[in-house]
Amino acid sequence: MTTSTNLVYLIALPLFSSALLLLLGRIADKWGHIFATLISASVFAVALIEFFAMQGRDGLARPATQKIFEWISVGSLHVDASLLLDQLSICFVLLISGVGTLIHVYSIAYMSHDHDRRRFFAYLNFFIAAMLLLVLGDSYLNLYVGWEGVGLASYLLIGFWNQKPAYATAAKKAFVANRVGDVGLSLAIMIAFTQFGTVTFAGVKEGAHGASAAALTAIGAALLLAAAGKSAQFPLQSWLGDAMAGPTPVSALIHAATMVTAGVYLITRSNFIFDASPTAQLMVVSVGAITLLFGAVIGTAKDDIKKALAASTMSQIGYMILATGLGPVGYAFAIMHLLTHGFFKAGMFLGAGSVMHGMNDEVNMRRYGAIRKVMPITAATFGLGYLAILGVPPFAGFYSKDKIIETAFNAGGAKGILLGGAALLGAAVTAFYMTRVIVLTFTGTKRWDENAKPHESPILMWAPMAVLALGSVTSGFLLSSGGALVNWLQPIVNENHENHAEEFLPPLVVSLMALVVIAIGVALAVFKYRTVPLVAPTNVSVFTKAARNDLYQDSFNEAVFMRPGQKLTSGLVKTDYKVIDGLLRMIGWIIQTSSTAVRSIQSGFVRSYALIMVLGVLALVVMVWLVTL
Amino acid sequence: MLTSPKLDYALLAPILIILATAILGVLVEAFIKQALRARLQLTISLAGIVIAFEQLYRVRNQGSSMAAITSVSIDGAGIFLQGTILVLAFVGILLIADQDHFAPQASALPGSIEEAAALESGRAQTEVFPLTLFAVSGMMLFPVATDFITLFVALEVLSLPLYLMAGLSRRRRLLSQEAALKYFLLGAYSSAFFLFGAALLYGYSGSLSLNGLTDAIHGGGGNDVFLLLGIAFVSVGLLFKVGAVPFHSWTPDVYQGAPTPITGFMAAATKAAAFGATMRIFYVGLDAAQWSWKPIISVIAVVTMLFGAIAAISQRDIKRILAFSSIAHAGFLLTAVVSLNQSGLAALLFYSVAYGLATLGAFGVVTLIRDSAGEVSDINRWLGLGKKSPLIAATMSLFLLSFAGIPLTSGFVGKFAIFSAAYESGNIYLVVVGVLASAIAVFFYLRIILMLFFADASNDSVSVVIPPLLTRVAIFLSAIVTILLGLAPSILFDVAQNFAYFIR
């Protein structure tokens, strides 16, 4: 463990810049975006310095800590505002600040026509600060602050164009769904505190050794709920599609590459809880498997390019969650997929943004077609991302996703076959819907709106896309060559090679199977979308309808939670008014009436006053007599 | 052989200075020409009070139970209460200085030719200053007197000038004179009970002093009927002065009829003096017999708190509302009396300052709200005053909030101290009733604030006169203390705790 003095800058810089831009207001309009981008870049620079410093240290000295101040000291609860940068958090710090900076650059051009560009950048910087706090906090409570911070940033950015009521509603929906998850996190923190008397990661890890299975399962379930909320996992996934109301750079950064992966971070960080509770692990893999299929199926029916990508994000995070539930072997692959996904998904979102930018903000893929001819760079970068997400070797996704499928099969028994099968099926569906996106957008015939004059985006936009595309191509190979990431994370996730399960199938067989199903998916999509009608056909199967409607998740939520909830609140209001208020009004009426009654005693006649006094004296005498009895 | 009694003049000096100032005032009234009188009287009165306070401050740490043989015991509680009464008198005289409230010739019959002539001549009443000082001297003696003769003399010395002063109002003369007469009649009536009770206690113990009474109770052997009836009758006299139910009937009428500055002075200072004496009689003289009177006083405290709070709700006249509010506050203070512990005494000392100054301030504000015919005390005509005179309305609200016991005002701290003392002594039911009564009382205090700020002015609404300088000073001082004691109660509370002791 090393003590560092630089960690605080990672958070302080963007936080300060965000506050500055918000406080200065319109004065900063001219240079705010440049300033925010430079700040983000400097955070990346600090992160790189820390990374190389960490690499230079060995073994146990690698994690660095910094205590900023004593935060809470009440009774037996002591929490310091301390930061911890270890092998796990540095992955995130680099991803957040790196991709964050690229997206800052991209946004300069993308948001150039927006009146409130400065405010947008202030929110982006705030997000960076909150997200870094989330991954740098050394305790669950510090993490919680960042967790809420990113929730706020997400809310503000989804509703950035809140002049459109639908967008404001989307922001609210995301916020509410996230709150449900946040309850899980606070529950987990509280249970951890009552069980272990501490909320630091180190303290909880130590306490988890001797803890009861029930407590660990409860904490694990609560953490999983939190992860499901933040990472749009089943059953709290419904907000992510609507969150696409935010500006596309936001979708790329927050709702694809970083914030939505916070759940994966949370579970990986809490590996000591899940490794000790098979029940919690089972819940995790179930949620992951369900979501990866759920998202993939939804993705097949979406005509809105961003929503299709959002469904894909949901599905890919499902893979990661699935991996984290597979025990020590899975964590590293989850993180690897998270990093590669950060590159290719952010790249594809930026590509989608680039297309929209050239198509008058049209998002309906049925109005695209043949865009590769007018936007070659966008098409190329998007295409590389596409190959990566499919898992075609040697692109990034191949290294990460195949490993997850393989590990799922290795889980053993029926569970292994089920999970591995789900992951494999997911890969096929992924191939189908991603191919659909490509076919509808970049190939085929023009189906543009008359006013659309698509053109390649400026360099500020395509340069970040190119960098991310490079990542989509190489990151998988780099991270997995020689087990680089697995070894790097080994001290955190306790992976040792002895506990490797029996291999269910040789890796090569799994890869081949994956490639075969991917090829089937691609072929199906290409065949089905030879021609594309301008309007989505309505005479479709119930399955298509269900997929178009997000598998009725919204209807379910509305019927099961929203309407009964509304009834409950209106019932409570009525009870409050009739019973509680009624009681109070009755008391008020009694007092008022008795007041009027005693008023008549005050007649104004001195003789009656004297009489009252005499009666009073008599009463006193009687009372004196009574007490002597 | 008769030896002259040994008197400790240093300790008695504050009372004597006030008495001397009052006599000087009488001489001024007789010999100085009218044009100079008002100013001179005011100056003399204020100077007398300041000098008396200065002397009191000098002897603050020299207690003695033998200040005047066995009749007066100057001790911590006595000194604190005397200081309180002097401060209240000082602020009260600042209000009284506005001569507009007083009849030019109180002896003239209402509506008579003499009165019209007196009004026309522009004369002003200045006997009120020496009268006030006489009352103050009685008030200062009352809480330090330790035998029943001295207690009775003090009671009368404080009461008689007040009866007169209640009838001095310039406007609504009949109401004022009626109030004075009622006050006098009922006061005399209750004094008779007090005296009768004292006689019975003498019959029981063979001693007039409180110490002798205690010894007799400890010794036993006396006739318990005398003791018990004596306690009951003495209580009547005391409960009448503090305005506890069922001896409260005079309060609303007198508060309403008396000139408003006098009402303020009377409400604030009499309460401090009477509760001081009550405390001393019960703590020093009757502590040994607490089994007999504690339940009774507790019942009276409960009834008084609830009655005051409930009866105030249906009142429409601000002075009557404040009268019923003062009845409720008497109930709170009785709670402190039955606590029978040092924190109860400390709470009572603190409360008498906090409540006294807020009362003076509130009545001071009432003097300012007028129409062409003088003060308007009908609160329905105060509607929307907050928009016309925000500062005055805000000040009034401050005092009302203090009465209601809202935090950050002195009233909250006072109530809190009293309730915690009662809780400490185990009288939890008194705390419960006290809190309930406070909750009821909040209703009518807040209603006034609502009327001031959240209602539109009606056609026949009133205006606020520009306050005379001294009235302004009085209200300002009261407001400052009300806030200061709410924010930093320990300034006074520590002092009250140090002074909360009796010397037998």
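Residues numbered from 1 in each chain as written. Chains lettered and ligands numbered in written order. Predicted model: local features only at pLDDT ≥ 70, side-chain atom pairs only at ≥ 80, totals over all residues.

Student: Hey, could you run me through the overall build of chain B in this one?
Tutor: Of the regular secondary structure elements, chain B holds 20 helices and three strands. The 504 residues of chain B split such that 60% are buried. Pairs at least 24 residues apart make up 81% of the contacts formed inside chain B by residues separated by at least 6 positions. (Helix = DSSP H or I, 4+ residues; strand = E, 2+ residues; numbered from the N terminus. Buried ≥ 20, exposed ≤ 12 C-beta atoms within 10 Å, placed from the backbone. Contact = placed C-beta atoms within 7 Å.)

Student: Help me understand the overall build of chain A, please; the structure alone is not making it clear to me.
Tutor: Within chain A one finds 24 helices and three strands. The buried share of chain A, taken over its 629 residues, is 53%. Long-range pairs, those at least 24 residues apart, make up 81% of the contacts in chain A between residues at least 6 apart in sequence.

Student: I would appreciate a short explanation of the interface of chain A and chain B in the present structure.
Tutor: Many analyses report the size of an interface as the accessible area lost when the parts associate. Each side of the interface is counted separately: chain A has 23 residues, and chain B has 28 residues. Looking at the side of chain A that touches chain B, the elements that each hand over two or more residues are α23 (553-599) and α24 (606-628) of chain A. With 14 residues, α24(A) is the largest single contributor of residues to the side of chain A that touches chain B.

Student: Just to check I follow, could you spell out unusual backbone geometry for this structure?
Tutor: Of the consecutive residues A:F234 and A:P235, the connecting peptide bond is found in the cis state with omega at 5°. With a phi close to 60°, A:D361 is a non-glycine residue in the positive phi region. Of note, A:D361 is situated in the loop between α15 (328-358) and α16 (376-390). The class for A:D361 is exposed, based on 10 C-beta atoms found within 10 Å. The phi angle at B:R172 is positive, at roughly 50°, despite the residue not being glycine. A count of 18 C-beta atoms within 10 Å places B:R172 in the partly exposed class.

Student: What exactly am I supposed to notice about helix α17 (residues 396-410) of chain A here?
Tutor: Each α-helix winds once per 3.6 residues, and so residues spaced three or four apart point in a common direction. Residues and elements named next belong to chain A. Taking 1.5 Å as the rise per residue, α17 with 15 residues should run 21 Å; its terminal C-alpha atoms sit 22 Å apart, in good agreement. Of all 15 residues in α17, 15 are buried, a share of seventy percent or more. The first or second residue beyond α17 is G412, which carries a positive phi of 90°. (Expected span 1.5 Å × (residues − 1).)

Student: So what exactly am I meant to see when it comes to the packing of helix α8 (residues 213-230) of chain A against helix α13 (residues 278-299) of chain A here?
Tutor: Two measures define how a pair of helices packs: the angle their axes make with one another and the distance between the axes. All names here are of chain A. As a packed pair, α8 and α13 sit with axes 8 Å apart at the nearest point and diverge in direction by 20°. On the basis of their axis angle, the class for α8 and α13 is roughly parallel. When the axes of α8 and α13 are compared, the crossing they make is right-handed. Touching L216, T217, G220, A221, L224 and A228 of α8 are T279, A280, M283, V284 and V287, all from α13. (Axes fitted to C-alpha atoms, helices over the stretch in contact; angles between N-to-C directions. Parallel < 35°, antiparallel > 145°, perpendicular 65-115°, else oblique. Left-handed = near helix turned anticlockwise from the far one by under 90°.)

Student: What am I meant to see in the environment of B:T263 here?
Tutor: All names here are of chain B. Structurally, T263 can be placed in helix α11 (residues 260-285). Each C-alpha atom of the pair T263 and G364 lies 9.8 Å from the other, and the pair is 101 residues apart in sequence. Excluding its chain neighbours within four sequence positions, the residues that come into contact with T263 are Y255, A258, K319 and F363.

Student: What should I look at first to understand the environment of A:I11 in this one?
Tutor: All names here are of chain A. Residue placement: I11 occurs in helix α1 (residues 7-24). According to the C-beta neighbour criterion, I11 is buried, with 23 such atoms within 10 Å. The spatial distance from the C-alpha of I11 to the C-alpha of N125 is 9.6 Å, given a sequence separation of 114 residues. Residue contacts for I11: discarding those within four places in its chain leaves A129, L132, L133 and L136.

Student: Would you explain the sheet that holds strand β2 (residues 64-74) of chain A in this entry?
Tutor: All names here are of chain A. Spatially, three strands are ordered β1-β2-β3 in an open sheet, and the strand pairing comes out mixed. The strands lining the two open edges of the sheet, one partner per strand, are β1 (2-3) and β3 (77-85). Here two bridges tie β1 to β2, and the two strands are oriented parallel to one another. Note on β2: the bridge partner recorded for T3 is T65. (Pairing = 2+ DSSP bridges.)

Student: Help me understand the sheet that holds strand β1 (residues 369-371) of chain B in this model?
Tutor: Within a sheet, each strand pairs with its neighbour through backbone hydrogen bonds, oriented either parallel or antiparallel. Residues and elements named next belong to chain B. Pairing is antiparallel across the open sheet formed by three strands, whose spatial order is β2-β1-β3. Unpaired on one side and paired on the other, β2 (374-375) and β3 (463-464) mark the two borders of the sheet. Pairing geometry for β1 and β2, over two bridges, is antiparallel. Across the sheet, residue D371 finds its bridge partner in β2, namely G374.

Student: Teacher, can you tell me more about helix α14 (residues 342-368) of chain B here?
Tutor: Taking 1.5 Å as the rise per residue, α14(B) with 27 residues should run 39 Å; its terminal C-alpha atoms sit 40 Å apart, in good agreement. The buried count for α14(B) comes to 26 of 27 residues, which makes it a mostly enclosed element.

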